[in-house]
Amino acid sequence: MDSGKVVHRRKPDIPAISLKSSQRSQHIQEASAKSLELSKVIRLLEDPSTANLQEKHLFVLKKLLKRNHAGFLLRELTGVGKILNICAEKVEDHPEYVPILCEALNICRLPFLKEKVSDELNYAQDVIEFLSHMGCLMRVSDAEVKQLIVESVKSFYSCVAPKQLLHDHQPTSPGYRLQLLERSDLPQTLVLSMATLENHPDVKLQLLQTLLILSSSSDMNCASILRARGAETICLHMNEDDPSGQLLFCSSEILWNLLERGGKEEATAQLSTMDCILSLKEAFFHQLLNASRHSDLQLRNDLLVITSLIAENPNSLLTESLFAKQLLVFVSYPELKSRSPLLRNLKLAYNNEDLKMKKLLLNLLVLMSADLAALQLFREERVMLALLTLVKPPAASSERQSGSRHWSSVQQAELQLQALATLATVAPLMLDDYMSYQGNVCLLLLLDWCVEQDAYFGRVPDGGGRASTKPQMQHCVRVLSSVTSVGDEAVNQNLCDQGTINQLLGILMQMEASPDEEDALTLEIKSDIQLILSTLCEPDMHRKELFGSEGVEMTVHFLRKGTDKFYSGLGHNRLFLSTLECVWSCVVGCYTTEDYFLAKEGVVLLLNLLGTSPRCVHGVLLATLLELCDNPNTISHVLGWKGGGGGTAPGLLLQLWRQEEEELGVDRGQRGEITDPQRPVLSGHQQDDVQLSFPANMPSAAVLEISENLRSKIYCVFCKIGFQDLPGMSTEDHVTLSVVRRYLDFKVGEVWDEISRELSLDGVRPISPDEEALGSICTTATDTAKRIAAEQRSILEQQQKDDISEEKIMYKEIKSHWKQRELTVKSWDSYVSKTSNYEILKEVKAQRESTKRKSKHEDVQPAENFIGHVLAVQSTDAPGPAGVKVTLGRAVIKAAGQDEAEPSKQDPEYFSTVSVRD
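In this report, the structure presented in the accompanying data block is examined. Every residue gets a number counted from 1 within its own chain, in the order that chain's sequence is written. Local features in this predicted model are restricted to residues whose pLDDT is 70 or higher, and side-chain atom pairs enter the listing and the counts only when it is 80 or higher, whereas totals over whole chains, interfaces and linings include all residues. Neither water nor hydrogens contribute to the side-chain values; these are computed over all heavy atoms in the structure.

1. A closer look at the state of the cysteines
Part 1 of the reasoning: In this description, the term disulfide denotes a pair of cysteine sulfurs within 2.5 Å. Summed over the entire model, instances satisfying the criterion amount to zero disulfides.
Part 2 of the reasoning: Cys276 supplies the cysteine sulfur nearest to Cys235, a cysteine that is in no disulfide, at a spacing of 4.3 Å.
Part 3 of the reasoning: In this scheme, a residue with accessible area under 20% of its type's maximum is buried, one over 50% is exposed, and one in between is partly exposed, where area comes from a 1.4 Å probe on protein chains only. The exposure class of Cys235 is buried, given its relative accessible area of 1%.
Part 4 of the reasoning: Sulfur of Cys582: no disulfide; nearest cysteine sulfur belongs to Cys586 and is 4.2 Å away.

Have a look at this one:
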């Protein structure tokens, strides 16, 4: 019964499935009929025999559009696109087709419809082509059609749902059409169609608004617009008549998006033409002289930003178009008086937008400074004087007329920082103007003002009380650093004549004495000051003397801080390297400062840092130490140095040598000995390049390797301190030192071996005498390596013999210890047996009496008997057991009569060391 029920339940399902399949086949037939109907419409429009049947065309088209009032199907887009294209061609002669196009474009606002989920993927290419054809409809001269196209594209970015859907039809996903629009030619077509909108300003504005949406939503749209030279097109049309006042705003926003998202190089290249710059110039000056609203001021600044981006292009024509010259007039306003007619109608409100414009103009100086022609304009417009006027301390600024509007103190501080940042780039390029306007004096006065306003550089918090002058200090020091780094002797001498060295040293130590924690800004100021001092003192002995003891104490102070915070990320690494630069440039080379540096244990600090600092700074430390070794007083400090673990300077240097060879992949034995006499110092990467031939103007691997690692510097240091009688040397150090001593010989042989190998690779045979000399040199280098290898083996063998000798002595000591322990145990057992066993005690006593009688008989004083035990063992240089000295303790055993008479004297007594022999 149950089984019958189950069968009975399944039977009704079978006709249901067949019903669904029949419905699907019916839908397929209907779909094919619809497709067939669409193809009939296209045939009707294209067939020459029915080409003049406009009424029938319109009737069929209206019926087709009515059927698709909810949206076009994805599978029909190809046919719909062809129909719209045919209608667009007929519009010129038959305007009655315009309503058809308008109604179709209204339907295009709705999402496309899909019958299956896979339709979005299957018909993606059809959608791309349809959107491209839709943009081509902009060729229709009717303004309504153009406007509907633009509005349809704009509607893609808004969610418009169809009012009523057909059976089994679903709208595509919201982002589907936008993703395919990026891959179509629609953005390019819209840009190209701007030329057809000269007489339709309303449509042009809507088109720009649509392009603004497209450029704001996708980088691909921006790239597509640029391919149609959209930046140039929009810039050339931005100054046309616009009653609404939105044309220039939309154009500037589109240009901003193209520069930011579409490709800066391509966009600036399009905007760098003479016509575009003149158009941009016209728009900027119109906004500059006529803007009053906040939005207009923002638009003015946006145009200036676009100009700044164009200035980064070296091929821009800002100078040739005189745009740059006119902009420079506003750079010096209102700091300098000018009679330029451009300033007559200019009125600054000194608000934040005006401040931004002033800062953008100063930044524009930095961008244009790469052009030599622009530098000449800077001189003509007295740009350097304007910058130095802006950086003057407030107390030294020119007096302001009472009641006149001017920058606030906060705005003045921002302009001061911006002017200093500009000077850091411009001043090195205009040193003549910088010196003629006394730039050094101005900057040194600003440094003094910073010290006076904030004596401890950060003790006063930025949020309350006096504001910190660290930013001014930072930018001022940057300018001095950039000016001195040029190496102009007149500028540097002028700084030294004004006491800059002592002033900077005082500021540096005053900052160091501040109780505040060091931040990135403070560390940058300190390192820049040290670099300025290095630049000033390096070429002149007198300036090193001016650096003097105060400067040496400064460098020693910073060296004592070590490298614990080297990788903190705040700038301690830069400060450490600038300190070493100070030692190199300001101390080395002057015996007065060198001796004071040695007296302050400067060499000891360098060696300490060499053992604890990161590997990346070892080269600088060794180079500095090597330069100091030219002073004869340095050698004693180097040889007298003791590390934390008792190591010496030679041991440290040899340890660095071994680490360097391990890093380079040099072949060495387990104890550091030479294993391949053919390649005694050859690194791993040189072995990989043995089959290469280098050009004549390029150093070979053997020569280039010298400057890339520490071995050459370590060798030079040993040449200064010597190779003999070095303290604290282990066997491993002696083995390494034998290689170091012959490093130069090995490198010479390595170079000659490279020459011989390259001649062979190039197929060049030297003449017989040269070939014989070359072979002799290579043989000599190999023989030297073999001799050093033999010397290393001898050192290791001697060390092995010494180890064996020490081991024998140790075993002798162990044997003597065990012998004395046996004697001690035996004496103790005898003593215990006498005190615990009465019979044994009687025997001992009888032996004593017999001994006493015998001694009396022989008329000899009996010797005292002792019980001894070992107290200490010491070895001497004598061979055999005679070389072992043992310290024994004794307990006196007296006669029986004495025991009874003096029972209290039983304490042990000790005697001197004796030798124990087997």
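Structure's up, so let's keep going.
2. Overview of a nonpolar patch on the surface
Part 1 of the reasoning: Patches were defined on residues exceeding 30% relative accessible area and lacking a salt bridge, with like-charge contacts within 9 Å and nonpolar side-chain contacts (Val, Leu, Ile, Met, Phe, Trp, Tyr) within 5 Å. Residue burial considers only the protein chains on display, and all accessible areas are found by Shrake-Rupley using a 1.4 Å probe. For salt bridges, the criterion is a side-chain nitrogen of Lys or Arg within 4 Å of an Asp or Glu carboxyl oxygen. A surface patch of nonpolar side chains, amounting to about 320 Å² of accessible area, comprises Leu744, Val748, Trp752 and Ile755.
Part 2 of the reasoning: Among the secondary structure elements, Val748 is positioned in helix α40 (residues 743–761).
Part 3 of the reasoning: Residue Val748 is classed as partly exposed on the basis of its relative accessible area, which comes to 40%. Secondary structure elements follow DSSP: runs of H or I of four or more residues count as helices, runs of E of two or more count as strands, with numbering from the N terminus.

3. Regarding the pattern of salt bridges
Part 1 of the reasoning: In total, this model carries 38 salt bridges according to the counting rule given.
Part 2 of the reasoning: For the salt bridge of Lys264 with Glu312, the shortest nitrogen-to-oxygen distance reads 2.5 Å. Within this pair, whereas Lys264 is found in helix α15 (residues 264–271), its partner Glu312 is found in the loop between α17 (294–311) and α18 (323–331), the two being separated by 48 residues in sequence.
Part 3 of the reasoning: When its relative accessible area of 37% is taken as the criterion, Lys264 is described as partly exposed.
Part 4 of the reasoning: Judged by relative accessible area, which is 39%, Glu312 ranks as partly exposed.
Part 5 of the reasoning: Note that Arg543 is salt-bridged to Glu489, the shortest N-O span being 2.5 Å. In this pair, Arg543 is assigned in helix α29 (residues 541–560) and Glu489 in helix α26 (residues 489–497), connecting sequence segments 54 residues apart.
Part 6 of the reasoning: Given a relative accessible area of 2%, Arg543 falls into the buried group.
Part 7 of the reasoning: A relative accessible area of 42% means that Glu489 is categorised as partly exposed.
Part 8 of the reasoning: Ionic contacts of the salt-bridge type, sharing partners, join the residues Glu661, Arg668, Glu705, Arg711, Lys747 and Glu750 into one network.

4. What about the packing of helix α33 (residues 618–628) against helix α38 (residues 711–721)?
Part 1 of the reasoning: Close contact between α33 and α38 brings their axes to 10 Å; oriented N to C, the two are set at 25 degrees. Relative to α38, the element α33 is oriented roughly parallel. As for how α33 packs across α38, the hand of that crossing is left-handed. Across the interface between the two elements, Gly619, Leu622, Ala623 and Leu626 from α33 touch Lys713, Ile714, Cys716, Val717 and Lys720 from α38.
Part 2 of the reasoning: A per-class count over the contact of α33 with α38 returns six nonpolar, one polar and two charged. The angle between two axes is taken between their N-to-C directions and runs from 0 to 180 degrees, where each axis is a line fitted to C-alpha atoms and a helix contributes only its stretch in contact. Convention used here: angles under 35 degrees read as roughly parallel, angles over 145 as roughly antiparallel, angles from 65 to 115 as roughly perpendicular, and any remaining angle as oblique. Each crossing is labelled by how the near helix is turned from the far one, with a counterclockwise turn of less than a right angle marking it left-handed and a clockwise turn marking it right-handed. It only takes one pair of heavy atoms within 4.5 Å for two residues to be counted as in contact. For this classification, the nonpolar set comprises Ala, Val, Leu, Ile, Met, Phe, Trp, Tyr, Cys and Pro, the charged set comprises Asp, Glu, Lys and Arg, and every other residue, Gly included, is treated as polar.

5. Here's the deal with empty space enclosed by the protein
Part 1 of the reasoning: Site definitions follow a grid-based scheme: protein atoms alone, a 1 Å grid, a 1.4 Å probe that fits but cannot get out for cavities, and for pockets an open set with protein on both sides within 12 Å along at least five of seven lines, plus lining residues having an atom within 4 Å of a point. Grid points are joined across faces, edges and corners, and a volume is the space filled by probe spheres set on the points. Overall, the coordinates contain three cavities of 30 Å³ or more when judged by the stated rule.
Part 2 of the reasoning: Roughly 60 Å³ of volume is contained in the largest cavity.
Part 3 of the reasoning: Lining of the largest cavity is provided by Leu61, Leu64, Leu65, Phe72, Val80, Ile83, Leu84, Cys87, Ile100 and Ala104.
Part 4 of the reasoning: Ranked by residues supplied to the lining of the largest cavity, first place goes to helix α4 (residues 77–91) with four residues.
Part 5 of the reasoning: Grouping the amino acids of the lining of the largest cavity by side-chain chemistry returns 10 nonpolar, no polar and no charged.

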